[in-house]
Amino acid sequence: MDTGPALVSILRQGSYLIASVHTALDDSQMVRFQQDLIEQIGQHRSRGVIIDVAALDVLDSFGSKTLRNISEMARLRGATTVIVGIQPDVAFAMVALGMSTGSVPTALDLEEGLAYLHDRVHTGPSAVTGSSLS
Amino acid sequence: MSAGQPADALSESGSQSDVAALVPVIRRFVHSRVSNEAVADDIVQETLVRMLAAAGRVEPGMVEPYAIITARNLIASMWKEQERHRRNQHRIVDLRSPESPDEGLLQQEDKGAVAEALERLSERDRRTLMAHEVAGQDTQSLAGELGVTAGAVAAQLNRSRARLRVEYLLALEPGTALTDRCRPVLFALSGGDRRRQREVDAARHLLECDLCEKLSQPLLERGQRSDGEVRIRIRADADIVLARQTAREVAARLEFSRTDLTVIATAVSEIARNVVRFTDGGEVVVELLEEPRRGVRIVARDTGPGIADVEAALVDGYSTYHGLGLGLPGARRLMDEFAVVSEMGRGTTVTMTKWRQEG
Ligand SMILES: [Zn+2]
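Residues numbered from 1 in each chain as written. Chains lettered and ligands numbered in written order. Predicted model: local features only at pLDDT ≥ 70, side-chain atom pairs only at ≥ 80, totals over all residues. Heavy atoms only, no water.

The subject of this paragraph is the confidence of the model for chain A. Reading fine detail from the predicted coordinates is not recommended where pLDDT is low. Residues and elements named next belong to chain A. For chain A, mean pLDDT is 86; residues scoring 70 or higher make up 87% of the total. Across chain A, the secondary-structure element scoring lowest on mean pLDDT is strand 6 (residues 131-132), at 45, and the one scoring highest is strand 3 (residues 48-52), at 97. Every residue in residues 124-134 scores below 50 in pLDDT, and together they form 24 contacts with partners more than four places removed in sequence or on other chains. (pLDDT = per-residue confidence, 0-100. Helix = DSSP H or I, 4+ residues; strand = E, 2+ residues; numbered from the N terminus. Contact = heavy atoms within 4.5 Å.)

If you want it as structure tokens, here you go:
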């Protein structure tokens, strides 16, 4: 973002965008991330988006809601989103909190996320291999 | 040093302009010993004034050495005064000595404030305190005079010191309006008395009263603060992250599992967000517990509008207090104990505890 080391990086990989969160984000940084990502999806006409949240310390109600928003807005722009890297303890706390990523698919890591997008984006919406955290 | 020239000049006429010729020499001497520019300039001026007054009496050729000796004496007496002041301040008020450039001015202000603060103590408290702190009389002999135990004298001295610190700080804020809650809260903080602080609800008063919040800083800095308690002011988004990371760090001292640490951090994130979104601000206090079991207690206080129906707010989907609908029931599910106390127009206090799973 403005100064210091980047909080988030968004890389373009063909028709995919790979967004990595590098550190804990506060709510306004989370919103900024959402805006930047949606903007780039439009700019590059991306078909798939991978969001790597392995560095997030928690995914509370706001964080989970933001990820769902991103996925929904990306879908409206024709892109499929998959969340990767949710740590087991973070996932546990999300479930205990009563939050989930809802209908947003999740995958273990970047490799699985790419495989998921590859199947879904190229063979149509029926071939869903990722699992949804609920 | 060109010793001869200014001395000759002075001995010839003793006029002011001749004394002025000494300025570079005196300046060099004083500034090499006194780091504070303003104080050094004052000493140079004072030396010159004394040289003028003594001009007729100083032997020719001795003017410059005389000026140097005068300046050195002035510096020495300044140190002595400062040292005495620092010692007294430590003994009676025990506040850090000011280090700002206008130290001299602060010292003046200080003396007035200490005198005013002493005036506000009861006759008995003041006499006992002065006898002990200034005259050096021990508690045993004071106890004999007062007809009480030495322990009672020590307790009285502690109370008096706590009050004196408060009155001293208040004397430095003349013309500030106090509520009737201010003094009891400040006394409790100054004495480091946790039970009394809870009785007068000091934490909430600090959120509501700017004056006490400001004065609490110097009072708490020197009070006995528990290592197992950390306080985070909550005002903006970034404070939510700070609060949950701090809670995680503090709880980690009890070797909670990684999952429990994340659960605690998530719960803190939820309740801290309510403070940022729906109130003017507040605080999150993270405290380690040893009794009845080891655990971590988190208290979030705000000065918000309050929650009309706390029971309803603890149910999922409650929406009149946006966000809390998710925040409170979610945080409650994450923690072992959870309590909400809310007063309309004053604010909300959420207290939640996670116990350490032993074994
Ligand atoms: Zn007050």
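We now examine the coordination of the zinc ion. Residue and element names in this part refer to chain B. Every protein donor of the zinc ion is listed here as Cys182 (SG), His205 (NE2), Cys209 (SG) and Cys212 (SG), and their distances to the metal cover 2.1 to 2.3 Å. The coordination sphere of the zinc ion comprises 4 donor atoms, whose angles at the metal cover 100 to 118 degrees; the geometry is tetrahedral. Sequence spacing among the residues donating to the zinc ion works out to C-x22-H-x3-C-x2-C. Judged by its relative accessible area of 3%, His205 is buried. Using a relative accessible area of 0% as the deciding quantity, one classes Cys212 as buried. (Donors = N, O, S within 2.8 Å, 3.2 Å for Na, K, Ca; no water. Tetrahedral: all angles 85-135°; square planar, octahedral: opposite > 155°, others 65-115°. Buried < 20%, exposed > 50% of the residue type's maximum accessible area, 1.4 Å probe, protein only.)

This part takes up the interface of chain A and chain B. The partner chain B presents 22 residues to the 20 residues of chain A that form the contact. Here chain A packs against chain B, burying approximately 1,700 Å² in sum over the two surfaces, 54% of which is carbon and sulfur. Applying the counting rule to chain A against chain B returns 6 salt bridges. Put simply, Arg273(B) and Asp60(A) hold a salt bridge, and the shortest N to O gap is 2.8 Å. Here chain A is connected to chain B by 13 residue pairs in polar contact (both at pLDDT 80 or more). Every element with two or more residues in the side of chain A that touches chain B is listed here: helix 1 (27-44), helix 2 (61-76) and helix 3 (88-97) of chain A. Sort the elements by how many residues they give to the side of chain A that touches chain B and helix 3 of chain A lands first, with 6 residues. Grouping the amino acids of the side of chain A that touches chain B by side-chain chemistry returns 11 nonpolar, 4 polar and 5 charged. (Buried area = accessible area lost by both parts, 1.4 Å probe. Salt bridge = Lys/Arg side-chain N within 4 Å of Asp/Glu carboxyl O. Polar contact = N/O pair within 3.5 Å; in protein donor to acceptor, adjacent residues only side chain to side chain. Nonpolar A, V, L, I, M, F, W, Y, C, P; charged D, E, K, R; others polar.)

All right, on to the sheet that holds strand 1 (residues 229-234) of chain B then. Residue and element names in this part refer to chain B. Spatially, the 5 strands line up as an open sheet ordered 1-2-3-5-4, and their pairing is antiparallel. Each edge of the sheet is formed by a strand with only one pairing partner; in this case those strands are strand 1 and strand 4 (337-343). When strand polarity is set aside, the average angle formed by the axes of neighbouring strands in this sheet is 10 degrees. Here strand 4 runs beside strand 5 (residues 347-355); their pairing, made up of 7 bridges, is antiparallel. Across the sheet, the residue bridging to Ala339 is Thr351, located in strand 5. In the packing of helix 14 (residues 237-252) onto the sheet, contacts are made with strand 1, strand 2 (282-289) and strand 3 (295-302), and the angle to strand 1 comes to roughly 170 degrees. (Pairing = 2+ DSSP bridges. Axes fitted to C-alpha atoms, helices over the stretch in contact; angles between N-to-C directions.)

This paragraph deals with helix 1 of chain A. For helix 1 of chain A, which comprises 18 residues, the first-to-last C-alpha distance of 26 Å matches the rise-based estimate of 26 Å (1.5 Å per residue) to within 8%. Those residues of helix 1 of chain A that sit buried are Asp27(A), Met30(A), Phe33(A), Gln34(A), Leu37(A), Ile38(A) and Ile41(A). Angular distribution of buried residues about the axis of helix 1 of chain A spans 125 degrees; they occupy a single face of the element. The inward-facing, buried residues of helix 1 of chain A contact strand 1 (8-13), strand 2 (16-21), strand 3 and helix 2 of chain A together with helix 14 and helix 15 (258-278) of chain B. Positive phi shows up at Arg45(A), right after helix 1 of chain A, with a value of about 50 degrees. (Expected span 1.5 Å × (residues − 1). Arc of directions from axis to C-beta.)

With that settled, the discussion passes to the nonpolar core. Residue and element names in this part refer to chain B. Grouped together as the largest cluster of nonpolar side chains are 39 residues, with contacts concentrated most on Ile264, Val284, Ile298, Leu328 and Met352. The dominant element in this core, judged by the number of residues it contributes, is helix 15, at 9 residues. With near-sequence residues (within four places) excluded, Met352 lies in contact with Ala267, Val268, Ile271, Val296, Arg297, Ile298, Ala331, Met335, Glu337 and Phe338. Grouped together as the second largest cluster of nonpolar side chains are 32 residues, Val114, Val153, Leu157 and Val200 included. (Core = buried A, V, L, I, M, F, W, Y, C linked by side-chain atoms within 4.5 Å.)

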